[in-house]
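Secondary and tertiary structure notes
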Amino acid sequence: MLESIFFYLFGGLATIGALLVVLSRNPMHSVMWLIFCFFNAAGLFFLLDAEFIGIITILIYVGAVMVLFIFVIIMLEVNVARMREGFLHHLPLGGMIAMLVFIEMASAGFSGVFSAEQMGTAVHLGQEVNNTAEIGKELYTHYLLGFELAAIILLAALVGSVVLTIRSRKDAKYQNIPAQIAVKKSDRLRKVRM
Amino acid sequence: MSLLDMAIQAGIWALEILAITIPVALSVAYITYLERRVIGWMQIRKGCNRVGWAGLLQPIADGLKLFLKESIIPTHANKALFVAAPVLALLPALVAFAVIPFGETDLFGIWKSPHLMAIANLNIGILYVMAVGSLAIYGILLAGWASNSKYALIGAVRSTCQMVSYEVSMGFAIVCVLMLAGSMNLGDIVNAQAGGFWHWYIIPLFPMFLVYFISGCAETNRSPFDLPEGESEIVAGFFVEYSGMWFATFSLAEYAAMILISLMTSIMFMGGWHAPIPALDFIPGTLWLLGKTLFFIFLFIWFRATFPRYRYDQLMRLGWKVFLPCTLVWIAVLGIATYTPGLSTIIGFWQPWR
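Residues numbered from 1 in each chain as written. Chains lettered and ligands numbered in written order. Predicted model: local features only at pLDDT ≥ 70, side-chain atom pairs only at ≥ 80, totals over all residues. Heavy atoms only, no water.

Topic: the overall build of chain B
Selection rule: In this text, helices come from DSSP runs of H or I with a minimum length of four residues, and strands from runs of E with a minimum of two, each type numbered from the N-terminal end. Residue exposure (1.4 Å probe, protein chains only): buried if accessible area is under 20% of the type maximum, exposed if over 50%, otherwise partly exposed. For this analysis, residues touch if any pair of their heavy atoms sits within 4.5 Å. The Shrake-Rupley method, run with a 1.4 Å probe, gives the accessible areas here. Residue values count only the displayed protein chains as cover. Counting rule for charge: Lys and Arg are taken as positive, Asp and Glu as negative, and neither His nor the chain ends is counted. To locate a charge, the coordinates of NZ of Lys, CZ of Arg, CG of Asp or CD of Glu are taken.
Assigned secondary structure in chain B consists of 13 helices and two strands. Expressed as a percentage of its 354 residues, the buried residues of chain B come to 49%. For chain B, restricting intrachain contacts to residue pairs at least 6 apart in sequence, the fraction spanning at least 24 positions comes to 75%. Summed over all atoms, the accessible surface of chain B reaches about 16500 Å², with 72% contributed by carbon and sulfur. Distance between charge centroids for chain B: 10 Å, based on 19 positive and 18 negative side chains.

See below:
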């Protein structure tokens with residue numbers, strides 16, 4: 001009973017948040033609503049006893065990804081009037097895509113796959129079952145190959161971004177810290193006999 | 001569960017929350033007093049000693065003054081976010097206290113087994129503290145952006161870069177603790193260090209302890225990492241435009257975060273509520289924890305009194321080129337030591353899960 005109340009609360013707030021992301025004029029407000037939406041998604045994970053995934057959602061998406069979003073938006077100058085230019089021109093195509101997605105989602109929703117009889121209800125286990133440990137066991141035994149592949153792809157992306165953005169300018173003056181630390185008194189100081 | 005039971009439960013929770021937030025707010029007030037007196041002592045002057053006996057009423061006078069000041073919103077500021085920013089800064093600092101265990105108690109023998117003195121005993125307590133800590137950026141970022149002021153924006157951008165960079169090494173330092181304790185529950189981490197100071201994680205993890213505490217300094221924007229405020233360059237950084245109580249909320253958040261970092265350092269590296277020598281166990285555990293926390297708060301103040309401010313590129317170098325490789329190497333060392341036949345008996349001394 002209480003669980004379904006909270007489910008509708010989190011679900012409803014997440015939907016409202018997602019709508020406001022699209023509808024707000026100010027991109028900064030959109031980002032804030034997106035953060036709100038992520039919090040409610042994390043709440044839904046908590047309801048499913050998936051506390052590890054819920055916290056990771058907050059840590060990664062809210063704590064890191066959205067900060068970078070805000071960073072980019074701060075640097076941009078957004079002209080709302082120019083963004084609204086040609087609204088009618090693009091409306092038919094956009095409207096068609098929106099209708100398609102709506103029909104897809106509605107047909108999936110009413111197909112009966114998601115009906116109450118078909119869905120298994122999550123069984124709540126006691127506090128002694130450690131979510132994190134279970135995920136770890138599963139990830140490092142059954143899905144080890146996929147996990148390692150993901151790690152290699154991430155590493156490649158990391159190296160790629162460094163290679164793409166690195167610029168070595170020969171004329172720039174960089175501080176050579178090991179050389180600074182290695183300097184001795186005798187290198188700089190000369191006694192002059194008066 | 002009937003409605004009455006739920007109401008009683010909600011009432012108990014409300015009392016628990018008040019029992020933590022009110023002492024935190026009071027200790028924030030008196031840490032500002034302590035800071036002024038300690039820095040005064042270190043710089044051979046008096047510090048505040050006029051209001052009340054030895055200046056003890058000074059924080060209350062300061063609070064009253066800030067409360068009575070006018071709060072100004074700049075003309076072109078984004079009003080909603082400008083008002084929301086101080087709240088968003090304070091909220092994570094207070095919410096994180098929900099999982100901090102302040103000791104273990106059996107309530108003078110009424111309960112059969114000792115219970116953890118925390119609002120919530122989460123399995124993933126340490127991740128919760130990290131996640132909530134990472135939200136502290138938003139208050140600062142929004143304050144800087146919503147003020148529509150150049151100084152504030154520069155302060156906010158600086159602060160964000162700094163917090164994002166140092167969070168990484170902080171997270172890896174925590175991973176080292178998890179590798180030894182084998183649990184993310186803060187109570188389990190403390191109990192893994194029971195039995196004297198030679199069980200404390202400061203011994204096998206001394207470099208990580210340094211990394212965690214120094215990164216904690218950078219996370220809370222305390223001196224010598226107070227570039228976001230940088231009063232000599234950008235006036236007061238992200239809160240230039242704030243006045244009165246909203247300004248006070250930012251410093252409340254800063255000091256609450258400082259208490260939190262000190263508490264976390266004592267819990268993860270200094271044995272939490274356990275006495276350094278088992279013979280000293282007759283002193284209540286909570287006192288030990290608060291004593292250790294007070295020591296770390298004193299360290300924060302000591303840093304402020306002695307170190308000059310970092311330059312921004314030096315700050316980034318320290319975070320990415322010194323701390324990050326250091327933590328990564330230490331994780332590898334711990335991992336290899338755990339599964340190497342000879343070394344595993346040594347490292348196993350600190351690993352109760354084996």
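Here the narrative resumes, following the displayed structure.
Remarks on the overall build of chain A
A tally of regular secondary structure across chain A gives nine helices and zero strands. Tracing chain A from N to C terminus, the helices and strands come up as α-α-α-α-α-α-α-α-α. Dimensions of chain A, computed from the C-alpha atoms along their principal axes, are close to 100 × 55 × 35 Å. Across chain A, the fraction of contacts at a sequence separation of at least 24, relative to all contacts at a separation of at least 6, is 57%. Carbon and sulfur atoms make up 70% of the accessible area of chain A, which totals about 15900 Å². For chain A, the distance from the average position of its 14 positive side-chain charges to the average position of its 13 negative side-chain charges is 35 Å.

Comments concerning the domain arrangement of chain B
The parts lose accessible area when they come together, and the size of an interface is often stated as this lost area. All names here are of chain B. Here is the rule we go by: Segmentation into domains, and thus their bounds, comes from an automatic or database assignment. When two parts are put together, the accessible area they lose, computed with a 1.4 Å probe and summed over both, is reported as buried area. For this analysis, a salt bridge means a side-chain nitrogen from Lys or Arg found within 4 Å of a carboxyl oxygen belonging to Asp or Glu. Definition of a polar contact: a pair of N or O atoms within 3.5 Å, with one able to donate and the other able to accept a hydrogen when the atoms are protein atoms, and with sequence-neighbouring residues admitted only if both atoms are side-chain atoms. Side-chain classes are defined by residue name, with Ala, Val, Leu, Ile, Met, Phe, Trp, Tyr, Cys and Pro counting as nonpolar, Asp, Glu, Lys and Arg as charged, and the others, Gly among them, as polar.
What the domain assignment reports for chain B is domain 1 (1-68) and domain 2 (74-348). The interface is formed by 18 residues belonging to domain 1 together with 20 residues belonging to domain 2. Buried surface at the junction of domain 1 and domain 2, summed over both partners, amounts to about 1700 Å²; 85% is from carbon and sulfur atoms. Applying the counting criterion to the domain 1 and domain 2 interface returns two salt bridges. Residue Arg 304 pairs with Glu 35 through a salt bridge whose shortest N-O separation is 3.0 Å. Across the contact surface, domain 1 and domain 2 share four residue pairs in polar contact (both at pLDDT 80 or more). When residues of the side of domain 1 that touches domain 2 are traced back to their parent elements, those giving at least two are helix 1 (3-42) and helix 2 (58-68). In terms of residue count, the dominant contributor to the side of domain 1 that touches domain 2 is helix 1 (15 residues). The residue inventory of the side of domain 1 that touches domain 2, partitioned by class, reads 12 nonpolar, four polar and two charged.

Concerning the packing of helix 5 (residues 136-146) of chain B against helix 6 (residues 150-181) of chain B
Residue and element names in this part refer to chain B. Applied cut-off: All axes here are fitted lines through C-alpha atoms, helices being fitted over the stretch that makes contact, and every angle between N-to-C directions spans 0 to 180 degrees. Put simply, angles under 35 degrees are roughly parallel, angles over 145 are roughly antiparallel, angles from 65 to 115 are roughly perpendicular, and the rest are oblique. Definitions for this section: a left-handed crossing has its near helix turned counterclockwise from the far helix by less than a right angle. A right-handed crossing has that turn clockwise.
The contact between helix 5 and helix 6 brings their axes to 7 Å, and the two run at 160°. Between helix 5 and helix 6, the angle falls in the class roughly antiparallel. Handedness of the crossing formed by helix 5 with helix 6: left-handed. In this structure, helix 5 contributes Ala 136, Ile 137, Ile 140, Leu 141, Gly 144 and Trp 145 to the contact, and helix 6 contributes Ala 152, Leu 153, Ala 156, Ser 159, Thr 160, Met 163 and Val 164. Looking at the contact of helix 5 with helix 6 residue by residue, the classes come out as 10 nonpolar, three polar and no charged.

Structural notes on the pattern of salt bridges
All names here are of chain B. Scanning the entire structure with this criterion turns up seven salt bridges over all chains. Of the charged contacts in the structure, one is a salt bridge between Arg 36 and Asp 62, with a shortest N-O distance of 2.8 Å. Taken together, the residues span a long stretch of sequence, with Arg 36 in helix 1 and Asp 62 in helix 2 at a distance of 26 residues. What makes Arg 36 partly exposed here is its relative accessible area of 37%. Put simply, Glu 254 and Arg 222 hold a salt bridge, and the shortest N to O gap is 3.4 Å. A residue pair is termed long-range when its members are at least 10 positions apart, and Glu 254 in helix 10 (residues 244-269) and Arg 222 in the loop between helix 8 (206-219) and helix 9 (231-234) qualify at 32 residues. There is no split in this pair, since Glu 254 and Arg 222 are both buried. Several salt bridges converge on common partners, so that one network encompasses Glu 35, Arg 222, Glu 254 and Arg 304.

Considerations on the side chain of A:Ser30
As for its position among the elements, A:Ser30 is in helix 2 (residues 27-47). Setting aside chain neighbours within four positions, we find A:Ser30 in contact with A:Val21 and A:Ser24.

Here's the deal with the confidence of the model for chain A
Detail in the predicted coordinates should be disregarded across regions flagged by low pLDDT. For clarity, the threshold we go by: Known as pLDDT, the predictor's confidence for each residue is given on a scale from 0 to 100.
The share of residues in chain A with pLDDT of 70 or more is 92%, and the mean pLDDT across the chain is 84. The element-level mean pLDDT for chain A is lowest in helix 4 (residues 80-83) of chain A, coming to 66, with helix 7 (residues 144-165) of chain A highest at 92.

Examining the interface of chain B and chain A
Residue-level contacts link 29 residues of chain B with 27 residues of chain A. In this assembly, chain B packs against chain A so that about 2300 Å² is buried in total across both faces, 76% of it on carbon and sulfur atoms. There are zero salt bridges connecting chain B and chain A. For the pair chain B and chain A, the interface holds two residue pairs in polar contact (both at pLDDT 80 or more). When residues of the side of chain B that touches chain A are traced back to their parent elements, those giving at least two are helix 3 (79-95), helix 4 (125-134), helix 5, helix 6 and helix 12 (312-339) of chain B. Looking at the side of chain B that touches chain A, the element that brings in the most residues is helix 6 of chain B, giving six residues.

Some thoughts on the side chain of A:Asn131
Following the sequence through the fold, A:Asn131 ends up in helix 6 (residues 131-141). Dropping the residues within four chain positions of it, A:Asn131 is found in contact with A:Asp49, A:Ala50, A:Glu51 and A:Phe52.

Regarding the packing of aromatic side chains
All names here are of chain B. Note the threshold: Note on ring pairs: Phe, Tyr and Trp rings are taken, using the six-membered ring of Trp, and paired if centres are within 6.5 Å. Classes follow the plane angle, with under 30 degrees stacked, over 60 edge-to-face and the rest tilted.
All told, the structure shown has 28 aromatic pairs over all chains when counted by the stated rule. Pairing Phe 82 with Tyr 242 gives two aromatic rings, centres 4.2 Å apart and planes at 5°, and the pair type is stacked. One end of the pair, Phe 82, is in helix 3; the other, Tyr 242, is in the loop between helix 9 and helix 10, and 160 residues separate them in sequence. Each member of the pair, Phe 82 as well as Tyr 242, carries the same accessibility label: buried.

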